[in-house]
Amino acid sequence: MSSSLNWNRAATSADPFPGVEEALVDGLHALPADRGAHGPSTKERIFAARVRAAEIFGFSYPERVIFTPGATYGLNFAVRQGIEDGAHVLASAAEHNSMLRPLHHAKGRGVTMEVIPFGADGRLDLDALSTALGKGKATWLSLCIASNTLGIVQPYVEACAMARKAGVSVILDLSQGGGQVPVDLDSLGVAYAAIAGHKGLHAPRGIGLMFVGKSQNPQPMIQGGTGTEGTLLDMPVELPGCLEAGTSNYPGMFAMGAALDWIAMHPQNLDPVRAKLAKLEAWCREQPGLEVLPKEPCDWSQRLSVLALKPNEFPAEMMAQFMAQLGVTVRAGSMCTSQVLSSVDAEDGLLRLSPPLDATEEDFARVQEALEQSLAAFA
């Protein structure tokens, strides 16, 4: 019997890079960084991970690379500590709920949100963004570098340049695509950026990174012990410690460092899987009972390893369940991106295929067969 295929990698990589598991175990046994004779080695290893993250993401301030429990924490931090009361925020329609929900919650302190649509090809409408920026009302822009649902890489370089010219600060969500597409935070000039460890970085769940721009001087969102200046009741003022209160997640930090080291030595190449997905997409567009999203094809050079589909005659969840019985795991539903669903007329949900980058031709043939059998079963 064939082994099952996990084609839900956009949710979580599920496969840590080599060295990550060993580093995680090292972290379980690590002594406190700021206490005892062995502390310096732990401290050096953690700072080396900050330096590596800064190198990979083109960021000149490793002391402003903050370890977090994940991207959601980093985005919440940026909204709460960065966006002022009463601010007007522009948000792309491709945003994940990890950004949309904090912005929605911020309405309680007078923050307003204006959603910028994306075009038929799934990419942010830069003309609409230009119009919104031209009103002079917005002070912040929130933007993901790639859609979690459609896998479309957004024109984030152009959008950040437009925002910077208009004097608008940017919060960048790197969760989908971070580690797979090039990002230079220095040239983008963003105020905050956040990334989860468990997606493109192939680190564990429960660990992430936040990049705090040099123009930002945020206050700690959590108060507590840091291992430094313990005689004071006030939090330390120096970064990164002032934003990392509480007991450090050494296993996650060490594992993140190992994942970043692997990426630095083995840059990710999406071209082979993109070529295979392009063929599968062409086949899907020929199936009368299946719709490919976005409706207008987007060049695969601007896409991640994601193919979004909508069955026309039955719910996407039924298709996912049928494919699971054939040993193929995919994702069906809203993908936590309600704005995307309404934008592509898929309010009832869609089917997302997100294979690993090393998926073989045999894997693709098997998935295509599962799709074909599913369409036949529910026709």
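Residues numbered from 1 in each chain as written. Predicted model: local features only at pLDDT ≥ 70, side-chain atom pairs only at ≥ 80, totals over all residues. Heavy atoms only, no water.

Asks: Give me the side chain of Arg123: which residues, what numbers.
Replies: Counting through the fold element by element, Arg123 comes out in the loop between strand 4 (112–116) and helix 5 (126–134). One buried charged residue, Arg123, forms no salt bridge at all, with the nearest opposite charge on Asp121 at 4.6 Å. Polar side-chain contacts of Arg123 include one of 3.1 Å to the side chain of Gln302. Setting aside chain neighbours within four positions, we find Arg123 in contact with Phe118, Ile152, Val153, Gln154, Pro155, Cys298 and Gln302. (Helix = DSSP H or I, 4+ residues; strand = E, 2+ residues; numbered from the N terminus. Buried < 20%, exposed > 50% of the residue type's maximum accessible area, 1.4 Å probe, protein only. Lys, Arg positive; Asp, Glu negative; His and termini not counted. Salt bridge = Lys/Arg side-chain N within 4 Å of Asp/Glu carboxyl O. Polar contact = N/O pair within 3.5 Å; in protein donor to acceptor, adjacent residues only side chain to side chain. Contact = heavy atoms within 4.5 Å.)

Asks: Run through the packing of helix 9 (residues 271–285) against helix 12 (residues 361–378), naming residues and quoting values.
Replies: Remark: helix 9 packs on helix 12, axes separated minimally by 11 Å, with the N-to-C direction vectors making an angle of 20°. Between helix 9 and helix 12, the crossing angle belongs to the class labelled roughly parallel. Every pair of crossing elements has a handedness; the one defined by helix 9 and helix 12 is right-handed. Here helix 9 contributes Val273, Lys276, Leu277, Lys279, Leu280, Trp283 and Cys284 to the contact with helix 12, which in turn contributes Glu361, Phe364, Gln368, Leu371 and Glu372. Grouping the amino acids of the contact of helix 9 with helix 12 by side-chain chemistry returns seven nonpolar, one polar and four charged. (Axes fitted to C-alpha atoms, helices over the stretch in contact; angles between N-to-C directions. Parallel < 35°, antiparallel > 145°, perpendicular 65-115°, else oblique. Left-handed = near helix turned anticlockwise from the far one by under 90°. Nonpolar A, V, L, I, M, F, W, Y, C, P; charged D, E, K, R; others polar.)

Asks: Mind laying out the side chain of Thr12, listing which residues take part and the relevant values?
Replies: Counting through the fold element by element, Thr12 comes out in the loop between strand 1 (5–6) and helix 1 (20–28). When near neighbours in sequence (up to four residues on either side) are disregarded, Thr12 contacts His198 and Arg205.

Asks: Go over the packing of helix 10 (residues 316–325) against helix 12, please, and point to the residues and values.
Replies: Remark: helix 10 packs on helix 12, axes separated minimally by 9 Å, with the N-to-C direction vectors making an angle of 125°. Looking at the two axes, helix 10 sits oblique to helix 12. The element helix 10 and its partner helix 12 pack so that their crossing is right-handed. In this structure, helix 10 uses Met318, Met319, Phe322 and Met323 to contact helix 12, whose residues at the interface are Val367, Ala370, Leu371, Gln373, Ser374, Leu375, Ala377 and Phe378.

Asks: Now, about helix 1: what can you tell me, with residues and values included?
Replies: All of the buried residues along helix 1 are Val20, Ala23 and Gly27. Along the long axis of helix 1, the arc covered by the buried residues comes to 60°, so they all point the same way. Residues of helix 1 that are exposed and angled more than 90 degrees away from the buried face: Glu21, Glu22 and Leu28. (Arc of directions from axis to C-beta.)

Asks: Could you give an account of the nonpolar core, with specific residues and numbers?
Replies: The nonpolar side chains of a soluble globular protein tend to be buried, and buried together. Core analysis: the biggest nonpolar cluster contains 58 residues, and Tyr156, Leu172, Leu174, Val183, Leu185, Leu209 and Phe211 have the highest contact counts within it. Ranked by residue count, the leading element in this core is helix 8 (residues 250–265), at nine residues. When residues no more than four places from it in sequence are discounted, the contact partners of Leu172 are Leu75, Leu143, Ile145, Tyr156, Cys160, Leu185, Leu188, Val190, Tyr192, Ala193 and Ala194. By size, the runner-up hydrophobic cluster in this structure holds 27 residues, among which are Leu277, Leu309, Val328 and Leu375. (Core = buried A, V, L, I, M, F, W, Y, C linked by side-chain atoms within 4.5 Å.)

Asks: Let's hear about the pattern of salt bridges: which residues, and what values?
Replies: As enumerated under the stated definition, the model contains 13 salt bridges in all. Here Arg303 makes a salt bridge to Glu281, at a shortest N to O gap of 3.2 Å. Placement of the pair is Arg303 in the loop between strand 9 (290–293) and strand 10 (307–311) and Glu281 in helix 9, with a sequence separation of 22 residues. Notably, a salt bridge pairs Lys295 with Glu291, separated by 3.9 Å at the nearest N-O pair. Here the residues in one salt-bridge network are Glu291, Lys295, Lys310 and Asp345, joined through shared partners.

Asks: Any details on unusual backbone geometry? Residues and values, ideally.
Replies: Backbone geometry follows two general trends: most residues other than glycine have a negative phi, and most peptide bonds adopt the trans configuration. A cis geometry characterises the amide bond from Leu239 onward to Pro240, with omega recorded as 5°. Following the sequence through the fold, Pro240 ends up in the loop between strand 8 (208–212) and helix 8. In this structure, Pro294 follows Leu293 across a cis peptide bond, with omega equal to 0°. Structurally, Pro294 can be placed in the loop between strand 9 and strand 10. At Ala14, a residue that is not glycine, the phi angle is positive and equals roughly 70°. Relative to the elements of secondary structure, Ala14 occurs in the loop between strand 1 and helix 1. Look at Ala14 and you get partly exposed, because its relative accessible area is 45%. Positive phi values are uncommon outside glycine, yet His202 reaches one of about 55°.

Asks: Lay out the state of the cysteines in plain terms, naming residues and giving numbers.
Replies: Within the structure shown, the criterion is met by zero disulfides. Its sulfur unpaired, Cys298 is 13 Å from the next cysteine sulfur, which belongs to Cys144. Taking relative accessible area as the criterion, Cys298 reaches 7% and is therefore assigned buried. (Disulfide = S-S within 2.5 Å.)

Asks: How would you explain the sheet that holds strand 10 if you had to name every residue and give the values?
Replies: Spatial strand order, 9-10-13-12: four strands in an open sheet with antiparallel pairing. Each edge of the sheet is formed by a strand with only one pairing partner; in this case those strands are strand 9 and strand 12 (331–333). Recorded for the sheet is a direction-independent mean angle of 30° between the axes of neighbouring strands. Across four bridges, strand 9 lies against strand 10 in antiparallel orientation. Following the sheet pairing, Leu290 is matched in strand 10 by Pro311. Sitting on the sheet, helix 9 is in contact with strand 9, strand 10 and strand 13 (350–353), with an inclination near 15° to strand 10. (Pairing = 2+ DSSP bridges.)

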